[in-house]
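In case you want the letters, here they are:
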Amino acid sequence: MSQSSILRVDGWPKPCPRPRARVIAGHASVYPSGQDAGWRECISVEAKRNRPIKPLDCPLRVDIVFIFPRPKKHISTGNKGGLQRSAPLYWHTIGRGPYGSDRDNAEKTILDVLTQCGFWTDDGLVCCGQIVKRWADIGERPGCLVV
């Protein structure tokens, strides 16, 4: 028997940032940068609203579609609106900058937050799934779909 949960998280998908390190009084410490705190909170709200009564503890498939907001340079300013001819139609392939995100780092944020919220006992249970990065259609809200 298999069951599915679908989460729709609105917000700007952010990758899991690299931890930062500092030395204080001769001792090194590592801390999270916090650059993705807003995105993590969006995921957390939806996860808590939709989590199972008992955390899942079995092999899991997790499919994620990341929907990134389009940069202004993608949008036509003409009377018809729509996309510029030079704008990519669908696939998001930027890995750096404010609109960028590596696929594996974007996935890590989702899996880590769902683990922290008690959706499952450990994200190591995730053994397969498809990850898609795409641009938002005109008028579509950025965010992600998690199945």
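The preceding data block contains the structure.
How each quantity is defined
- In every chain, residue numbers begin from 1 and rise along the written sequence.
- The model is predicted, so local features are restricted to residues of pLDDT at least 70 and side-chain atom pairs to those at 80 or more, both for listing and for counting; the totals for chains, interfaces and linings are taken over all residues.
- Processing note: side-chain calculations cover all non-hydrogen atoms of the structure and skip hydrogens and water entirely.
- Each pair of strands is called paired provided DSSP finds at least two bridges between the two strands.
- To qualify as a helix, a DSSP run of H or I must reach at least 4 residues; to qualify as a strand, a run of E must reach at least 2; elements of each kind are numbered from the N terminus.
- Orientation is described by lines fitted to C-alpha atoms, with helices fitted over the stretch in contact, and by angles between N-to-C directions that extend from 0 to 180 degrees.
- Contact criterion: two residues are considered in contact whenever any of their non-hydrogen atoms come within 4.5 Å of each other.
- Only protein chains enter the accessibility calculation, which uses a 1.4 Å probe. A residue is then buried if its area is under 20% of the maximum for its type, exposed if over 50%, and partly exposed in between.
- Pairs were defined over the aromatic rings of Phe, Tyr and Trp, the Trp ring being its six-membered one, requiring ring centres within 6.5 Å. Orientation was assigned from the angle between planes: stacked under 30 degrees, edge-to-face over 60, tilted for the rest.
- We call a charge positioned over a ring when the NZ of a Lys or the CZ of an Arg lies within 6 Å of the ring centre and within 35 degrees of the ring normal.

Student: Mind showing me how you'd approach the sheet that holds strand β7 (residues 131-135) here?
Tutor: Strands in a sheet are paired, the pairing made by backbone hydrogen bonds, and the direction either parallel or antiparallel. Strands sit in the order β1-β8-β5-β7 across an open sheet of 4 strands; the sheet is mixed. Each end of this open sheet is capped by a strand with a single partner; those strands are β1 (7-10) and β7. Shown here is a sheet whose adjacent strand axes are inclined to one another by a mean of 15°, direction ignored. Sheet topology note: the β1/strand β8 (residues 143-146) ladder contains 4 bridges and is antiparallel. Within β8, the residue paired with Asp10 across the bridge is Gly143. Helix-sheet contacts for helix α1 (residues 37-50) involve β1 and β8, and the interaxial angle to β1 is about 150°. Helix α2 (residues 103-116) contacts β1, β5 (64-68), β7 and β8 of the sheet and is inclined by roughly 115° relative to β5.

Student: Explanation requested: the environment of Leu89 in the structure shown.
Tutor: Looking at the element boundaries, Leu89 is found in the loop between β5 and α2. Among the residues examined, Leu89 registers a relative accessible area of 67% and is labelled exposed. Along the chain, Leu89 and His74 lie 15 residues apart, while their C-alpha atoms are 9.4 Å from each other. Once residues within four sequence positions are removed from consideration, Leu89 is found in contact with Arg70 and Leu83.

Student: Any chance you could explain the packing of aromatic side chains here in plain terms?
Tutor: Aromatic ring pairs: the centre-centre distance and the angle between the two ring planes describe each pair. Applying the stated criterion across every chain, the model contains 3 aromatic pairs. A centroid spacing of 4.6 Å and a plane angle of 90° characterise the contact between Tyr90 and Trp91, whose relative ring orientation is edge-to-face. If you follow Lys14 out to its NZ or CZ, it ends over the ring of Trp12, 4.8 Å from the centre.

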